[in-house]
Amino acid sequence: YGARVLNEGGLQAIPKLTFPGGMLAGCSAGFLNVPKIKGSHTAMKTGLLAGEAAAKALLADTEAPAELVQYEESVRNSWVWEELARVRNFKPAWHAGMIPGLAYGGASLML
């Protein structure tokens, strides 16, 4: 058994995903679908994209770049980004309170 902290900032809280010598993937970057409270599938997909970017850099005939910016581009072009973009305003709506947050969140997810 264990406990886990949820990074529920949503799309607005995702940091820059690459830095010299590394990448942020999975739960560490905050790829959580807040309304569904699900993030395992997005964590696995971004981990897969990070692995693909690293493999391409290592297998390339040229010198490997210090920062693999194509990883962030591939995340933005994937279904992960689309899924998070659809629910991006769910969490910020809760700052108005529980009832307005529920009303806005429910309406935005139904439309």
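Residues numbered from 1 in each chain as written. Predicted model: local features only at pLDDT ≥ 70, side-chain atom pairs only at ≥ 80, totals over all residues. Heavy atoms only, no water.

**A few points about the overall build of the protein**
- Counting its secondary structure elements, the protein contains 4 helices and 2 strands.
- Counting from the amino terminus, the protein carries its helices and strands in the arrangement β-β-α-α-α-α.
- Dimensions of the protein, computed from the C-alpha atoms along their principal axes, are close to 55 × 35 × 20 Å.
- Expressed as a percentage of its 111 residues, the buried residues of the protein come to 32%.
- Here the protein displays about 7200 Å² of accessible surface, and carbon together with sulfur accounts for 62% of that area. (Helix = DSSP H or I, 4+ residues; strand = E, 2+ residues; numbered from the N terminus. Buried < 20%, exposed > 50% of the residue type's maximum accessible area, 1.4 Å probe, protein only. Areas by Shrake-Rupley, 256 points an atom, 1.4 Å probe, with all protein chains shown as cover.)

**Re the environment of Leu-32**
- Assignment of secondary structure puts Leu-32 in the loop between strand E2 (22–23) and helix H1 (40–59).
- Contact partners of Leu-32, with chain neighbours within four places excluded, come to Leu-6, Asn-7, Glu-8, Ile-37, Lys-38, Gly-39 and Leu-84. (Contact = heavy atoms within 4.5 Å.)

**Topic: the nonpolar core**
- Ranked by size, the top nonpolar core spans 13 residues in total, and within it Ile-14, Leu-17, Phe-31, Tyr-71, Val-75 and Leu-84 carry the most contacts.
- Broken down by secondary-structure element, the contributors of at least two residues to this core are H1, helix H2 (69–76) and helix H3 (79–86).
- Excluding residues within four positions of it along the chain, Tyr-71 makes contact with Leu-17, Thr-18, Met-23, Leu-24, Ala-25, Phe-31, Thr-46, Leu-49, Ala-50 and Ala-53. (Core = buried A, V, L, I, M, F, W, Y, C linked by side-chain atoms within 4.5 Å.)

**Topic: the packing of H1 against H2**
- Remark: H1 packs on H2, axes separated minimally by 9 Å, with the N-to-C direction vectors making an angle of 145°. When the axes of H1 and H2 are compared, the crossing they make is right-handed. Taken together, the residues of H2 that come into contact with H1 (itself represented by Thr-46, Leu-49, Ala-50 and Ala-53) are Gln-70, Tyr-71, Ser-74 and Val-75.
- Broken down by class, the residue content of the contact of H1 with H2 amounts to 5 nonpolar, 3 polar and no charged. (Axes fitted to C-alpha atoms, helices over the stretch in contact; angles between N-to-C directions. Left-handed = near helix turned anticlockwise from the far one by under 90°. Nonpolar A, V, L, I, M, F, W, Y, C, P; charged D, E, K, R; others polar.)

**Structural notes on the confidence of the model for the protein**
- Confidence along the protein averages 84 in pLDDT terms, with 95% of residues attaining 70 or more.
- By mean pLDDT, helix H4 (residues 98–110) is the weakest element of the protein at 81, and H2 is the strongest at 93. (pLDDT = per-residue confidence, 0-100.)

**Quick word on the environment of Thr-42**
- Within the fold, Thr-42 resides in helix H1.
- Ignoring sequence-local partners within four residues, the contact set of Thr-42 consists of Phe-31, Trp-79, Val-80 and Glu-83.

**Examining the packing of H1 against H3**
- Orientation of H1 relative to H3, taken along the N-to-C sense of each, is 145°, at an axis distance of 10 Å. You can see that H1 and H3 cross each other, and the crossing is left-handed. Of H3, the residues touching H1 (which contributes His-41, Thr-42, Lys-45 and Thr-46) are Trp-79, Val-80 and Glu-83.

**Overview of a nonpolar patch on the surface**
- Among the surface-exposed residues, Trp-94, Met-98, Ile-99 and Leu-102 lie close enough to one another that they form a single nonpolar patch of about 420 Å² accessible area.
- Examined against the element boundaries, Met-98 turns out to sit in helix H4.
- With a relative accessible area of 53%, Met-98 lands in the exposed category. (Patch = residues over 30% accessible without salt bridge, like charges linked within 9 Å, V, L, I, M, F, W, Y side chains within 5 Å. Salt bridge = Lys/Arg side-chain N within 4 Å of Asp/Glu carboxyl O.)

**Digging into H3**
- Residues Val-80, Trp-81, Glu-83 and Leu-84 constitute the buried set of H3. Considered in projection along H3, the buried side chains sweep an arc of 160° and stay on one side of the axis.
- Check the buried side of H3 and you find it contacts H1 and H2. (Arc of directions from axis to C-beta.)

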